[in-house]
Structures are given as C-alpha cells and as structure tokens.
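# Structure at a glance
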Amino acid sequence: MIMGLLSCDENHHFVVFSIQNDVDLGKQVKQEIASDPAHYKILPQSSYPQVYNYLYGMRDAILNSGEISYKDEFAWELYVLEGDSTLNAFATPGGYIYIYTGLIKYLDHADDLAGVLGHEMAHADQRHSIRNLQKSYGVEALLAIALGQNPGALEQIAGQIAGTLAGLKFSREFETDADSHSVAYLSHTKYACNGAALFFIKLNEQGDSAQPPEFLSTHPNPENRIENINKEAADLKCSTALSGDAGYDQIKSSLPN
Ligand SMILES: [Zn+2]
C-alpha cells in the first residue's frame, strides 16, 4: 500500500521520505564528506577532545530543550571543519552538523554559537533539506527511493548534497523558521535565547559581507532576521542575558592557528 508510506511531519508538511530515509541519506552524506578531504577537512575528535566535549555539551543542552522532534531518531553528530576564513556551518538531513573553525573564532560568546547551532539543528529537525529535495527532484523520484525501487539513487543524491552543502541556500521561509526554532530551543537553556541574532549584529557592525554563510543567505536580510529573532524572544519572554560561559574563549584558543 503506497499510501501507507506517505507521511506528514510534525508540522503537517507533506513529506514523501520517511524519517528512516532521512537517517539513511544523512549517513550517506556524512560518508561522502568524510571521503572528500580536499573539500572538507575535519578536525579529528581524538586530537581536539576538549573542543568536541564543549560543543557536545552545547548540543546536549539544545537536545534536552524538549523542543526537538527527532531527538532519538537522528544522529546529532558534530564535526569541526578547518577553514579559518569561512564563517559557516551547515546541517545534513538526519542531523549531522558541520561547523567551520572560522565561525567559532569569529563569534564572541558561547551564546552566539549556541544560536547558530540551534539554527542548524532546526534545519535538520524540521527536515528543510528533504523538503527542498522533494521540490527539486519531484515527489515521484523521492517516492521511488522511499520504496526501495531505485537503489543507486540515494547514493547519487547524497553525493550531490555533499558537493553543494557549503553553498547551500534555503528559502526565506526556512531561514526564518530555523531562526525561530533556535530561539525556542535556547529558551530552555542557560544561553541567551536570541543568540542567533548576535551573529548578525556583529556582522552588521563590522560590515562584513565577504562570504555569506548558509545561515546568512541573501534574503531575508540580516536586519529583518535580527528583528524576527528578537520578536520571537519577546513573545516567548525568554532571557536574553548572556550566559557568561567562560569556556568559549578556551575553546577558541585551543583550535589550530
Ligand atoms: Zn539556515
């Protein structure tokens, strides 16, 4: 019964892929990234345990917010990518999150990074990539994969995703959605719940638009996003006070120069 396979996600968006398809696709993309060191230079966890422990602590705070739909289903693995001039982070389907050293070094507070991490986790949890794929490949192609009728296609799509992740662009709707979710996640943590806005504020102050990162796609513009994030924070009445987490400076200084 084909209809039995069709599902709506928690927000009642029609998505052909099952959660298991997200998980499988994410694993494939992760493997593609791991096998492409020319483009993606992963900082080894064994050499930087303190950096990863710190980031995983931040991830756990967000996972435990009670706001993540696929907390147990998705992988929620973190990877730091070497690239000091890259102000970027991205997420694959199924919850693999990649953060460039350039972004960690650029941000001033743990709260700023928590805001970005929340944003990226929201893209995965809200299944934004999958919904994009469905738009670009069409329901039929994805349904064939979901039904196991096209065994090679998942790998092929994973390869294409891995190749385009760093330049990934989401729609205005998805960016705003990810920003809003970031606020909701952080509202249950020690971090300033508008942490995601702090990055945009700094970027605006410095007039730094050299390399627009994933979470700073051309629209909506940074001013609108700051406004949206702060409005969300006001609606939720969550704390926007900085956490004063001193560990962040140590993490920055322990990254490779
Ligand atoms: Zn984004």
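Note that the structure is predicted; figures quoted are calculated from it, not measured.

About the criteria used
- Residues numbered from 1 in each chain as written.
- Predicted model: local features only at pLDDT ≥ 70, side-chain atom pairs only at ≥ 80, totals over all residues.
- Heavy atoms only, no water.
- Buried < 20%, exposed > 50% of the residue type's maximum accessible area, 1.4 Å probe, protein only.
- Helix = DSSP H or I, 4+ residues; strand = E, 2+ residues; numbered from the N terminus.
- Pairing = 2+ DSSP bridges.
- Axes fitted to C-alpha atoms, helices over the stretch in contact; angles between N-to-C directions.
- pLDDT = per-residue confidence, 0-100.
- Contact = heavy atoms within 4.5 Å.
- Polar contact = N/O pair within 3.5 Å; in protein donor to acceptor, adjacent residues only side chain to side chain.

### A short note on the pairing of strand E3 (residues 77-81)
Counted residue by residue, E3 has four buried out of five residues, so it is predominantly covered. Here E3 runs beside strand E5 (residues 96-100); their pairing, made up of five bridges, is parallel. Counterpart to glutamate 77 in the pairing with E5 is tyrosine 96.

### Some words on the environment of phenylalanine 14
Assignment of secondary structure puts phenylalanine 14 in strand E2 (residues 14-15). Under the relative-accessibility criterion, phenylalanine 14 is labelled partly exposed at 39%. Taking C-alpha positions, phenylalanine 14 is 8.6 Å from arginine 131, a pair spaced 117 residues apart along the chain.

### Topic: the sheet that holds strand E4 (residues 89-91)
Strands sit in the order E3-E5-E4 across an open sheet of three strands; the sheet is mixed. Edge strands, defined here as strands with exactly one partner in the open sheet, are E3 and E4. In this sheet, neighbouring strand axes are inclined to one another by 15 degrees on average, regardless of whether the strands run parallel or antiparallel.

### Things to note about the confidence of the model for the protein chain
The pLDDT averaged across the protein chain works out to 88; a share of 88% of its residues lies at or above 70. The low-confidence segment residues 1-6 (pLDDT under 50) makes six contacts with residues lying over four places distant or belonging to another chain.

### Looking at the side chain of arginine 127
Take arginine 127: it is sitting in the loop between helix H4 (110-125) and helix H5 (128-137). Of the residues examined, arginine 127 reaches a relative accessible area of 2% and is grouped as buried.

### Quick look at the side chain of histidine 123
Within the secondary structure, histidine 123 is located in helix H4. Since its relative accessible area comes to 1%, histidine 123 is described here as buried. At 2.7 Å, the side chain of histidine 123 forms a polar contact with the side chain of histidine 128.

### A few points about the environment of alanine 184
Summarising the element assignment, alanine 184 is placed in helix H8 (residues 172-186). What makes alanine 184 buried here is its relative accessible area of 13%. In this structure, alanine 184 is in contact with Glu67 and Leu236, ignoring residues within four places of it in sequence.

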